[in-house]
Amino acid sequence: MTSVGAIVLAGGRASRLGGVDKARVAVAGRPMIESVVGAARAVAGSVITVGPGGDTREDPPHSGPVAAITAGLAGLPGTVELVVVVACDLPDLDAATLRALLAALRRPAASTTGAGEVSVPRAALAVDAAGHDQFLLAAWDRRALAARLAALEAAGGVGGRAVRTLYDDEEVVRVPVGAPARDVDTWADLAGRGPVALTHVGAVLRAGLPPLPAVGRPPLDAVGAVLAAPLIAADPMPRGPVSAMDGYALAGPGPWRLTGAARRAGDGSPASLAAGTAARIATGALAPHGTDRVLRHELVEVRGPGGAEVSGTAVPGDAAVPGDPVITASAGADGVDDLRPVGEDWPAGHALAAADTVLDAALASAAVSAGVERVSVRGPVRATVVTTGDEVLPADTPSPLPSGRIRDTVGPLLSGPAGVLARAGFGAVDPPRHCPDTAEAVDDLLGGSDSGSDVLVLVGATGRGVADHLRPALERLGARVVIDGVRVRPGGSQLVAELPDGRVLLALPGNPLAAVCAAATTGRALVDALTGRQRTPVTAELAGLADVANPNRARILPAWPVGTGGWRLADRVRTAHLADLAGAPALAVVPEGGNAGTVESSWAGSGSGSGGRVELVDWI
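The structure presented is a predicted model; accordingly, all values stated were derived computationally and were not measured.

*Asks:* How should I be thinking about the pattern of salt bridges in this particular structure?
*Replies:* Opposite charge on two side chains allows them to pair when their charged atoms are near. Scanning all chains against the criterion turns up 29 salt bridges. Salt-bridge contacts for Asp235 lead to Arg239; the nearest nitrogen and oxygen are separated by 4.0 Å. For Glu498, the salt bridge goes to Arg480, with nearest N and O atoms at 2.6 Å. One end of the pair, Glu498, is in strand 30 (residues 495-498); the other, Arg480, is in strand 28 (residues 480-484), with 18 residues separating them in the sequence. Each of the salt bridges in this network shares a partner with another, and the network as a whole consists of Lys22, Asp89 and Asp185.

*Asks:* Looking at this model, I keep getting lost on the sheet that holds strand 4 (residues 46-50). Mind explaining?
*Replies:* Two strands in a sheet stick together by hydrogen bonds in their backbones, pointing the same way (parallel) or opposite ways (antiparallel). Taken in spatial order, the six strands make up an open sheet running 4-1-5-7-6-8, and their pairing is mixed. Both outer strands of the open sheet, strand 4 and strand 8 (172-176), are each paired with one neighbouring strand and no more. Between one strand and the next, the sheet's axes are offset by a mean angle of 20 degrees, whatever the strand orientation. Note: strand 1 (residues 4-9) against strand 5 (residues 82-87), six bridges, orientation parallel.

*Asks:* So what exactly am I meant to see when it comes to the nonpolar core here?
*Replies:* General note: in soluble globular proteins, nonpolar side chains tend to be found buried as a group. Residues Leu205, Leu414, Phe426 and Val455 are the most contacted members of the largest nonpolar core, which totals 73 residues. It is helix 11 (residues 512-531) that contributes the most residues to this core, twelve residues altogether. In this structure Leu205 touches Val482, Ile483, Val496, Thr522, Ala525, Leu526 and Ala529, once residues within four positions along its chain are discounted. Membership of the second largest hydrophobic core comes to 32 residues, among which are Val36, Val86, Ala95 and Ala139.

*Asks:* Please clarify how the sheet that holds strand 10 (residues 215-217) should be interpreted in this entry.
*Replies:* Overall, antiparallel pairing links the three strands, which are arranged 10-22-11 in an open sheet. Looking along the sheet, the strands with just one partner apiece sit at the ends: strand 10 and strand 11 (226-227). In the sheet, strand 11 pairs with strand 22 (residues 375-378) via two bridges, with the strands oriented antiparallel. Considered in strand 22, the bridge of Val226 is made with Arg378.

*Asks:* Explain the side chain of Ser330 here, please?
*Replies:* For Ser330, the position within the fold is in the loop between strand 19 (326-329) and strand 20 (339-340). Taking relative accessible area as the criterion, Ser330 reaches 18% and is therefore assigned buried. Apart from residues no more than four positions distant in its own chain, Ser330 is found in contact with Glu298, Leu299 and Val300.

*Asks:* Help me out: how do you make sense of the environment of Arg487 in this one?
*Replies:* Relative to the elements of secondary structure, Arg487 occurs in strand 29 (residues 486-489). In this structure Arg487 comes out as buried when scored by relative accessible area, which is 15%. Setting aside anything within four residues of it in sequence, one finds Arg487 in contact with Ala26, Pro195, Val196, Ala197, Leu198, Asn552, Arg553, Ala554 and Glu592. At a separation of 2.8 Å, a polar atom in the side chain of Arg487 contacts the side chain of Glu592.

*Asks:* Mind showing me how you'd approach the side chain of Thr521 here?
*Replies:* If you trace the backbone, Thr521 turns up in helix 11. From its side chain, Thr521 meets the backbone oxygen of Cys517 in a polar contact 2.7 Å long.

*Asks:* Is there a simple way to explain the layout of surface pockets in this structure?
*Replies:* The probe, sized like a water molecule, is rolled over the atoms to show the empty space still left. Estimates place the volume of the second largest pocket at around 260 Å³. Lining the second largest pocket are 19 residues, and of these Thr388, Glu391, Val392, Ile406 and Gly510 sit closest to its centre. Those elements that place two or more of their residues in the lining of the second largest pocket are strand 23 (383-388) and strand 25 (406-407). Residues that form the lining of the second largest pocket fall into these classes: seven nonpolar, seven polar and five charged.

*Asks:* In this structure, what is going on with the pairing of strand 35 (residues 586-590)? I would like to understand it.
*Replies:* Where a strand is regular, its side chains alternate between the two sheet faces. Of all the five residues making up strand 35, five are buried; the element is thus mostly covered by neighbouring parts of the structure. The alternating pattern of strand 35 places Ala586, Ala588 and Val590 on one face and Leu587 and Val589 on the opposite face, and all of these are buried. In the sheet, strand 33 (residues 554-562) pairs with strand 35 via five bridges, with the strands oriented antiparallel. If you follow Leu557 over to strand 35, its bridge partner there is Ala588.

*Asks:* What exactly am I supposed to notice about the confidence of the model for the protein here?
*Replies:* Caution applies to low-pLDDT regions: their predicted coordinates should not be interpreted in detail. Within the protein, residue pLDDT values average 88, and 91% of them lie at 70 or more. The spread of mean pLDDT over the elements of the protein runs between strand 36 (residues 606-608), the lowest at 34, and strand 12 (residues 231-232), the highest at 98. Confidence over residues 317-321 falls short of pLDDT 50; this stretch has five contacts with residues more than four positions distant or in other chains. pLDDT under 50 marks residues 594-609. Its contacts with residues more than four places away, or in other chains, come to 48 contacts.

*Asks:* Could you clarify how one ought to interpret the packing of aromatic side chains in this entry?
*Replies:* Centre distance and the angle of the planes are the two values used to describe a pair of aromatic rings. In total, this model carries two aromatic pairs according to the counting rule given. Pairing Phe135 with Tyr167 gives two aromatic rings, centres 5.3 Å apart and planes at 45 degrees, and the pair type is tilted. Separated by 32 residues along the polypeptide, Phe135 in strand 7 (residues 133-141) and Tyr167 in the loop between helix 4 (142-154) and strand 8 bring together distant segments of the chain. Centre to centre, the rings of Trp140 and Tyr167 are 5.3 Å apart; their planes meet at 45 degrees, and the pair counts as tilted. One end of the pair, Trp140, is in strand 7; the other, Tyr167, is in the loop between helix 4 and strand 8, and 27 residues separate them in sequence. Of the two residues, Trp140 and Tyr167, neither departs from the other in class, the shared state being buried. Taken together, the aromatic side chains of Phe135, Trp140 and Tyr167 make up a single cluster linked through ring pairs.

Quick notes on the rules
- Each chain has its residues counted from 1, following the order in which its sequence is written.
- Residue-level local features of this predicted model are given only where pLDDT is at least 70; pairs of side-chain atoms are given and counted only at 80 or more, and the full residue set underlies all totals for whole chains, interfaces and linings.
- Each side-chain value is derived from all of the structure's non-hydrogen atoms; neither hydrogens nor water enter the calculation.
- When a carboxyl oxygen of Asp or Glu is within 4 Å of a side-chain nitrogen of Lys or Arg, the pair counts as a salt bridge.
- Put simply, DSSP marks the helices as runs of H or I at least four residues long and the strands as runs of E at least two long, and each gets a number from the N terminus on.
- Strand pairing is assigned whenever DSSP identifies at least 2 bridges connecting the two strands.
- Axis lines are fitted through C-alpha atoms, for helices just across the contact stretch, and the angle between N-to-C directions can take any value from 0 to 180 degrees.
- Only buried residues count toward a nonpolar core. Its members are Ala, Val, Leu, Ile, Met, Phe, Trp, Tyr and Cys residues joined through side-chain atoms within 4.5 Å.
- Exposure classes here rest on a 1.4 Å probe applied to the protein chains alone. A residue is buried below 20% of its type maximum, exposed above 50%, and partly exposed in between.
- Note on contacts: a residue pair qualifies if any of its non-hydrogen atoms lie within 4.5 Å across the two residues.
- Two N or O atoms count as a polar contact when they lie within 3.5 Å, although within protein this holds only if one can serve as hydrogen donor and the other as acceptor, and sequence-adjacent residues are included solely when both atoms are side-chain atoms.
- Grid spacing is 1 Å over the protein atoms alone, the probe is 1.4 Å, and a cavity is where that probe fits but cannot get out, while a pocket is an open set with protein on both sides within 12 Å along at least five of seven lines and lining residues have an atom within 4 Å of a point.
- Grid points are joined across faces, edges and corners, and a volume is the space filled by probe spheres set on the points.
- Residue type decides the class: Asp, Glu, Lys and Arg count as charged, Ala, Val, Leu, Ile, Met, Phe, Trp, Tyr, Cys and Pro as nonpolar, and the leftover types, Gly among them, as polar.
- For every residue, the predictor assigns a confidence score, pLDDT, that lies between 0 and 100.
- Between rings of Phe, Tyr and Trp, where Trp is taken as its six-membered ring, a pair exists when centres lie within 6.5 Å; planes separated by under 30 degrees are stacked, by over 60 edge-to-face, and by other angles tilted.

Below, the structure is given as structure tokens:
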């Protein structure tokens with residue numbers, strides 16, 4: 001092994017992964033770089049990692065894989081004769097694959113040189129299952145690699161070079177290796193490949209699931225849905241010049257003689273004012289033609305022809321006030337105009353909201369005001385809740401319970417207009433049903449089409465115990481698993497899959513606290529993925545994270561407000577019931593290790609050391 005060295009490249013920008021540290025992304029519960037370095041160490045006496053936090057770094061940083069290979073080669077001992085070059089994003093890589101590349105490099109090629117000598121390849125290049133060359137999975141003769149790098153340096157430098165420029169077809173032998181050459185470039189590549197970090201759940205769901213189709217709905221019937229297109233006003237607001245206050249419509253300069261009939265809201269009959277005249281007007285009433293200004297009652301004085309002050313309710317022809325009353329503006333009326341012109345709030349064609357905005361009740365009301373008859377939306381997301389477990393009885397089962405049986409304490413909490421799923425953004429959620437713990441019952445549940453729901457929420461059966469039939473049933477059905485476990489406690493055994501009929505399965509652990517935590521976090525991310533909803537996480541600065549953090553998985557803990565803007569976390573919770581959630585309006589998402597770094601998705605916070613900023617999820 002002393003004659004073999006390895007260069008592991010871990011310095012890319014991971015732009016298709018949102019710029020996260022790709023090397024640390026876990027597949028099947030293990031960071032990819034650990035898998036790759038482990039395979040490299042099995043065949044090489046010296047392994048050099050190139051990238052942030054590695055043994056060395058390309059110069060300048062982010063100058064490309066060829067520059068990184070140059071830096072890695074410079075760090076290998078002089079005794080190394082053969083060099084394995086491998087990217088950090090090959091989680092299925094094994095030592096056998098690297099040995100196959102090295103063996104191919106040592107074998108003479110079938111062709112011979114002009115002098116009749118047998119040629120030896122200078123590089124062995126891996127070919128994936130689709131027949132594509134994997135330029136960052138190869139074995140090289142060190143002298144050949146050094147010569148090729150030197151030639152590129154002399155021809156303009158190695159920075160920014162495409163890695164394929166290293167290879168010369170006449171000197172390369174291609175080795176089909178299949179699955180071990182499969183790399184992870186996008187969040188979709190992580191779908192179904194073991195537990196993912198909680199901070200990556202939202203990105204994997206968005207990449208792995210198709211959004212709900214856009215449909216047209218009346219605005220008030222679409223509350224809770226997400227706009228699939230911008231919401232455009234059909235009418236201006238207001239549609240005509242109207243009064244903002246009860247008062248007087250005025251024409252021309254004052255004082256004004258009070259004439260004509262009072263204008264009431266809803267009166268669309270023709271009316272006009274001549275210069276120097278006024279008419280009483282109600283809030284929301286159309287102003288008569290010729291109106292220049294409206295003043296509210298408290299900003300005017302009303303006097304009879306003799307100058308006596310009269311009631312503001314005086315009308316022309318009043319027997320107690322001979323002649324028409326005269327309106328004058330008070331001193332406080334300067335610069336005041338209670339006339340609302342057409343389109344003061346918005347003109348026709350104005351975008352009231354962008355696509356991907358949640359259509360809440362206020363926005364739906366504004367759409368009605370704007371004359372919008374139908375909106376293009378995704379959702380609201382409809383869900384059916386099904387509990388499993390032969391030991392589970394309905395929540396209202398009277399005492400005494402049969403031996404070994406328990407009441408359903410999760411299903412009713414998830415469903416309903418004020419339940420956990422509603423807080424996560426689901427629309428209609430059916431009352432919970434029950435599924436027996438048999439393979440046949442689970443097959444029937446998953447295979448039976450339920451046209452009334454978009455998501456089947458299953459409580460229980462996510463483990464691998466004797467009564468857990470979910471995963472075999474999904475395999476028999478041909479369902480596509482998107483998330484198979486999350487690195488979080490509680491709730492790690494959750495699962496998300498796309499069923500053949502287009503429904504999405506959100507499978508929650510049967511443990512009550514785990515089910516609630518998974519529904520509140522992954523359930524929320526699932527609504528985002530299906531509707532395109534964009535959310536701004538609610539975060540808070542918390543102290544003492546190091547005391548409650550787990551180095552290998554996120555934690556979800558009840559949080560109580562204390563003092564002015566502060567929060568207190570539970571340091572320990574029991575998961576078989578929800579008593580420890582009592583009075584806690586939020587769940588705090590504590591990142592792995594307690595150091596939350598830069599916010600990179602729905603569940604990440606920021607900070608370091610013993611404290612930091614974490615997300616607070618309003619679960620109920």
